[in-house]
Amino acid sequence: MTIDTNKALELINDGAIIIDVREVDEYNREHIPNAINVPLSEINTVNYNKETTLIVYCQSGVRSLEAVKKLADEGYTSLYNLDGGLLNWGGDLEE
């Protein structure tokens, strides 16, 4: 499911984990506060309870959509793709 920034913030406030699937150098430039960096190429290393709410994002939403599909294939059931990725975030960012 694709969600907007407002819904993402709601889920984050409720304890969702936010995963940035961009490369390490992209993440180090700027990222959503409290996001965990797991590059797309390493998404299979994610190890949470399969029912944990995960919000996945990248720069524009393409890589994160692929990551969501891979996580769903691994049995995760509460997955969200941030619509438009970091480009549409509009909220605070950390360096």
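One can find the structure itself at the top, above this paragraph.
Residues numbered from 1 in each chain as written. Predicted model: local features only at pLDDT ≥ 70, side-chain atom pairs only at ≥ 80, totals over all residues. Heavy atoms only, no water.

## Here's the deal with the overall build of the chain
And then number 1: Broken down by element type, the chain carries three helices and five strands.
And then number 2: Seen in sequence order, the chain has helices and strands lined up from the N terminus as β-α-β-α-β-β-α-β.
And then number 3: For the chain, the C-alpha atoms occupy an extent of roughly 30 × 25 × 20 Å along the three principal directions.
And then number 4: Counting only residues that meet the buried cut, the chain has 44% of its 95 residues in that class.
And then number 5: Sequence-distant contacts in the chain: of pairs separated by 6 or more residues, those separated by 24 or more amount to 66%.
And then number 6: Here the chain has roughly 5,200 Å² of accessible surface; of this, 44% comes from carbon and sulfur atoms.
And then number 7: Side chains of the chain give 7 positive and 17 negative charges; the mean places of these two sets differ by 5 Å. (Helix = DSSP H or I, 4+ residues; strand = E, 2+ residues; numbered from the N terminus. Buried < 20%, exposed > 50% of the residue type's maximum accessible area, 1.4 Å probe, protein only. Contact = heavy atoms within 4.5 Å. Areas by Shrake-Rupley, 256 points an atom, 1.4 Å probe, with all protein chains shown as cover. Lys, Arg positive; Asp, Glu negative; His and termini not counted. Charge placed at Lys NZ, Arg CZ, Asp CG, Glu CD.)

## A short note on the sheet that holds strand 5 (residues 79–82)
And then number 1: Across the sheet, which stays open at both edges, the five strands sit in the order 1-5-4-2-3 with parallel pairing between neighbours. Where the open sheet ends on each side, the last strands, each with one partner, are strand 1 (2–3) and strand 3 (36–37).
And then number 2: Here strand 2 (residues 17–20) runs beside strand 3; their pairing, made up of two bridges, is parallel. Across the sheet, the residue bridging to Asp20 is Asn37, located in strand 3.
And then number 3: Helix 3 (residues 62–73) contacts strand 4 (54–57) and strand 5 of the sheet and is inclined by roughly 175° relative to strand 5. (Pairing = 2+ DSSP bridges. Axes fitted to C-alpha atoms, helices over the stretch in contact; angles between N-to-C directions.)

## Some thoughts on helix 1 (residues 5–13)
And then number 1: Inspection of helix 1 places Thr5, Ala8 and Leu11 among the buried residues, and these make up the whole buried set. Mapping the buried residues of helix 1 onto a view down its axis gives an arc of 125°, with all of them on the same face. Set apart from the buried face of helix 1 by more than 90 degrees, the exposed residues are Asn6 and Asn13.
And then number 2: Tucked inside the fold, the buried residues of helix 1 contact strand 1, strand 4 and strand 5.
And then number 3: The N-cap residue of helix 1 is Asp4: its side-chain oxygen and the backbone nitrogen of Asn6 are 3.3 Å apart. (Arc of directions from axis to C-beta. Polar contact = N/O pair within 3.5 Å; in protein donor to acceptor, adjacent residues only side chain to side chain.)

## Observations concerning helix 3
And then number 1: The terminal C-alpha atoms of helix 3, which comprises 12 residues, lie 17 Å apart, in line with the 16 Å expected from a rise of 1.5 Å per residue.
And then number 2: When helix 3 is considered as a whole, its buried residues turn out to be Ser64, Ala67, Val68 and Leu71. Taken end-on, helix 3 shows its buried residues confined to a sector of 105°, consistent with a single buried face. Opposite the packed face of helix 3, turned more than 90 degrees from it, sit the exposed residues Val62, Lys69 and Asp73.
And then number 3: In this structure, the buried side of helix 3 is in contact with strand 4 and strand 5.
And then number 4: Trailing helix 3 by a residue or two, Gly75 shows a phi angle of about 105°, which is positive. (Expected span 1.5 Å × (residues − 1).)

Functional significance is not addressed by these values, which are geometric in nature.
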